[in-house]
Amino acid sequence: QVDLVESGGGLVQAGGSLRLSCAASGSIFSINTMGWYRQAPGKQRELVASITSGGRINYADSVKGRFTVSRGNAKNTVYLQMNSLKPEDTAVYYCHLVTIVPVDTTSIQYWGQGTQVTVSS
């Protein structure tokens, strides 16, 4: 079992910055991807940014140039630096981990509990 614990959400004015953190505990296989999704009221959950264990990064078009995803040295943490925040960034942000089981190459995914980010205009 893997637990994901997020921190860093809050209320910020438009143009401001926030940094989200997520720490994974438990048995994590070496091949994995960590990242962030978000869900605004009445909308589907969407990918914000992800980073693989090999360092490959993917961003949603809406956040490119404003958000930066990174992993800690221990590789079981992921961060999301959010700059130039806009009201449309308001959502619950979820940490996500997907890992490949070596013995049969199946994938398992885990979700954090979510952290609220609110950007006021």
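How each quantity is defined
Residues numbered from 1 in each chain as written. Predicted model: local features only at pLDDT ≥ 70, side-chain atom pairs only at ≥ 80, totals over all residues. Heavy atoms only, no water. Buried < 20%, exposed > 50% of the residue type's maximum accessible area, 1.4 Å probe, protein only. Helix = DSSP H or I, 4+ residues; strand = E, 2+ residues; numbered from the N terminus. Pairing = 2+ DSSP bridges.

## Considerations on the pairing of strand β9 (residues 91-100)
Most of β9 sits inside the fold, with 7 of its 10 residues counted as buried. Two strands pair when backbone bridges link them, and strand β4 (residues 32-39) and β9 are joined in this way by 8 bridges, in the antiparallel orientation. The residue of β9 that forms the bridge with Y37 is Y94. Across 3 bridges, β9 lies against strand β11 (residues 115-120) in antiparallel orientation. The partner of A91 across the bridge, within β11, is V117. Two elements, β9 and strand β10 (residues 107-111), share 5 bridges in a ladder whose sense is antiparallel. Among the inter-strand pairings, T99 is bridged to a residue of β10, identified as I108. Remark: 6 residues form the turn of the hairpin made by β9 and β10, two consecutive strands paired antiparallel; T105 in that turn has positive phi of roughly 60°.

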